[in-house]
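Read off the chains here:
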Amino acid sequence: MTDKPMQDRVLVEVTVPAPADAVWAALRDKDQIMQWFGWDADTLSGEVDFIFFQYGRADDARRVLDFEGVPDRYEVEDRGDHSIVRLIRSAPAAGDDWTGVFEDMTEGWIAFTEQLRFMMTRHLGQTRRTLYFGGEPKSEALNGAAALGLTEVPAVGEPWTATLPTGDRVSGEVWHLGRHQVGLTVREWGDGLLLAMGRPPNDTWPRGGTQLTLTTYGLDDASFDELRARWTAWSDARFDKRDPSPEDGCV
């Protein structure tokens, strides 16, 4: 137990072009959560149950969702025809400057909240298919967007186009930018989303790490399988598979 006063810190705040009740439903309906939280995996359904329902504590009247044992909460603010969604962390007040610090849970919440905004803005009611790749680079320590050759990303809302090292010629617009991650829409994936996160090197991750989530819509099975094969071959050649663990802490 700490004697320090608690202080709220907004980890991420986004504007969603939908009424608050619709956004709140996307935080409380499992089928909708499955379309923005995380990525496709055998464990996703169980993770959603565990996080949002077993440990999620919803205040429907205030549209606040917090999580037992975790100092984070979602708040949905009604602005009429649109809503503000905030992910807030309540922690002891401190003089430390956390600007630029990489922390797994924080970066994950930012990424998932941007995926929520993307679904609500452009794909509500549609079914996504996602792919996840990454790990620690085997040699050259280029991570996140830089691992894809994207060393200069335009401003949010600006167009982008590139030929990625997988051979994919892609285009779209910059969805969001952060110190450790970038989100890019991809026309060629059915107006999908490429999210690239880069972990700086530290003692535990000497070459840093990369997490890539590819969200697609409407691709037929053959196109999706070809996409997965290209990215799997590239990822296997570049990264040692390794998932972050709670012991990794901050960088």
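Think of an α-helix as 3.6 residues a turn; residues three or four steps apart then line up on the same face. For helix 5 (residues 221-238), with 18 residues, the first-to-last C-alpha span of 26 Å sits near the 26 Å given by 1.5 Å per residue. Among the residues making up helix 5, those that are buried are Phe224, Leu227, Trp231, Trp234, Ser235 and Arg238. End-on, the buried residues of helix 5 take up no more than an arc of 105°, which puts them together on one face. For helix 5, the exposed residues lying more than 90 degrees away from the buried face are Asp221 and Ala237. The inward-facing, buried residues of helix 5 abut strand 6 (128-137), strand 10 (192-199), strand 11 (209-217) and strand 12 (239-240).

With that settled, consider the side chain of Asp168. As for its placement among the helices and strands, Asp168 is situated in the loop between strand 7 (159-163) and strand 8 (169-177). Among the polar contacts listed, one links the side chain of Asp168 to the side chain of Thr166, at a separation of 2.5 Å. For Asp168, the residues in contact, after removing those within four places along its chain, are Ala162, Thr163, Trp189, Leu227, Arg230 and Trp231.

What counts and how
- Residues numbered from 1 in each chain as written.
- Predicted model: local features only at pLDDT ≥ 70, side-chain atom pairs only at ≥ 80, totals over all residues.
- Heavy atoms only, no water.
- Helix = DSSP H or I, 4+ residues; strand = E, 2+ residues; numbered from the N terminus.
- Expected span 1.5 Å × (residues − 1).
- Buried < 20%, exposed > 50% of the residue type's maximum accessible area, 1.4 Å probe, protein only.
- Arc of directions from axis to C-beta.
- Contact = heavy atoms within 4.5 Å.
- Polar contact = N/O pair within 3.5 Å; in protein donor to acceptor, adjacent residues only side chain to side chain.

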